[in-house]
Amino acid sequence: MPNYLGLDGFRHGWVVAWIDDRGDHGFDYSPGLARLLAMPHARAMIDMPIGLKPSGYRACDLRARELVGPAVFLGARRDLWTFTDIAAANRHYWEHEGRGRGVSAQLWNIRDKIRDVDEIMTPARQVTIGEAHPELIFWNLAGQVRLDSKTTARGRERRIGLLVNRGFTKLPKWLTQRHGTRIGRDDLIDACACAAAARDSTQRVGGDAVDPRGLRMEINY
């Protein structure tokens with residue numbers, strides 16, 4: 001039975017949600033990506049940049065930000081993790097690319113996760129492992145309208161409801177069972193969104209450009 005994976009990073013590792021064509025679904029977590037991606041799957045989607053420019057902003061990120069706003073972080077570059085701190089990174093980017101072309105604290109804080117993905121990705125693996133963005137997925141599921149922020153009770157419940165309608169009926173219970181795993185509430189919700197996209201997504205932004213390693217720079221939703 002085809003199995004579909006959605007992955008998101010959290011502070012202490014990675015969380016995966018899965019669903020199959022019968023509607024069976026579950027979640028798991030691990031300090032590293034390798035064990036989770038070894039799970040049999042027809043398609044996987046990961047909430048992390050795949051395909052990195054040596055400089056500048058990716059076109060897919062700029063387009064996604066137009067659709068869903070600042071939840072899309074700009075500035076993922078392959079040299080991001082070579083800097084000692086965010087100030088050094090931004091000094092470099094401002095000097096070489098222009099003031100304001102730096103990186104946010106949010107993007108800086110996930111640089112190691114970006115590197116984890118970059119180290120395992122190849123054009124061949126990208127056939128079945130794609131990049132997704134939960135906010136684009138929710139925007140699409142909601143009829144291409146922006147939802148209230150996921151930090152609000154209304155926004156959170158709307159996202160959970162959309163996923164329950166897509167077959168993740170156990171998600172409300174999972175959110176009460178994650179304590180002790182150190183998985184964030186939003187990380188588990190976002191992993192489920194990525195799994196729904198792995199099963200159902202037919203749309204994307206970007207995809208026309210490839211990075212120096214031949215990886216397509218696109219975001220599926």
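Please read all numbers here as calculations on a predicted model, not as lab measurements.

**Focus on the overall build of the chain**
Piece 1. A count of helical and extended segments in the chain gives nine helices and seven strands.
Piece 2. A compact globule built from 221 residues would reach a C-alpha radius of gyration of about 17 Å, and the chain, at 17 Å, matches this within 12%.
Piece 3. Within the chain, the proportion of its 221 residues that are buried is 50%.
Piece 4. Residue pairs in contact within the chain that sit at least 24 positions apart in sequence constitute 62% of those at least 6 positions apart.
Piece 5. For the chain, the exposed surface amounts to about 10300 Å²; the carbon and sulfur share of it is 49%.
Piece 6. Positive and negative charge centroids in the chain, built from 33 and 27 side chains respectively, lie 3 Å apart.

**A closer look at the nonpolar core**
Piece 1. Formed by 40 residues in total, the largest nonpolar core has its most connected members in Leu-136, Leu-163, Phe-168, Leu-171 and Val-205.
Piece 2. Examining the composition of this core, we find that ten residues originate from one element, helix 9 (residues 185–200), more than from any other.
Piece 3. Aside from chain neighbours lying at most four places away, what touches Leu-163 is Phe-138, Phe-168, Leu-171, Ile-189, Cys-192, Ala-193 and Ala-196.
Piece 4. With 27 residues, the next largest nonpolar core counts Trp-14, Met-39, Ile-50 and Met-121 among its residues.

**What to know about the packing of aromatic side chains**
Piece 1. Counted according to the given criterion, the structure contains four aromatic pairs.
Piece 2. Judged by centre distance (5.5 Å) and plane angle (70°), the rings of Phe-83 and Tyr-93 are edge-to-face. Placement of Phe-83 in the loop between helix 2 (59–68) and helix 3 (86–97) and of Tyr-93 in helix 3 is noted, with a sequence separation of ten residues between them.
Piece 3. In this structure Phe-83 comes out as buried when scored by relative accessible area, which is 16%.
Piece 4. For Tyr-93, a relative accessible area of 1% gives the class buried.
Piece 5. Arranged with centres 5.8 Å apart and planes meeting at 65°, the rings of Trp-139 and Tyr-221 form a pair that is edge-to-face. Placement of the pair is Trp-139 in helix 6 (residues 134–141) and Tyr-221 in the segment after strand 7 (216–220), with a sequence separation of 82 residues.

**Quick look at the sheet that holds strand 1 (residues 3–10)**
Piece 1. Read from one edge of the open sheet, five strands run 3-2-1-4-5, paired in mixed fashion. At either end of the open sheet lies a strand with only one pairing partner, and these are strand 3 (25–30) and strand 5 (129–131). Taking each pair of neighbouring strands and ignoring which way they run, the sheet shows an average axis angle of 20°.
Piece 2. Two elements, strand 2 (residues 13–20) and strand 3, share six bridges in a ladder whose sense is antiparallel. Counted as the bridge partner of Val-15 is Tyr-29 from strand 3.
Piece 3. With respect to the sheet, helix 9 is in contact with strand 1, strand 2, strand 3 and strand 4 (43–46), its orientation differing from that of strand 1 by roughly 150°.

Reading the values: the criteria
Residues numbered from 1 in each chain as written. Predicted model: local features only at pLDDT ≥ 70, side-chain atom pairs only at ≥ 80, totals over all residues. Heavy atoms only, no water. Helix = DSSP H or I, 4+ residues; strand = E, 2+ residues; numbered from the N terminus. Rg over C-alpha atoms; globule rule 2.2 N^0.38 Å. Buried < 20%, exposed > 50% of the residue type's maximum accessible area, 1.4 Å probe, protein only. Contact = heavy atoms within 4.5 Å. Areas by Shrake-Rupley, 256 points an atom, 1.4 Å probe, with all protein chains shown as cover. Lys, Arg positive; Asp, Glu negative; His and termini not counted. Charge placed at Lys NZ, Arg CZ, Asp CG, Glu CD. Core = buried A, V, L, I, M, F, W, Y, C linked by side-chain atoms within 4.5 Å. Phe/Tyr/Trp six-rings, centres within 6.5 Å; stacked < 30°, edge-to-face > 60°. Pairing = 2+ DSSP bridges. Axes fitted to C-alpha atoms, helices over the stretch in contact; angles between N-to-C directions.

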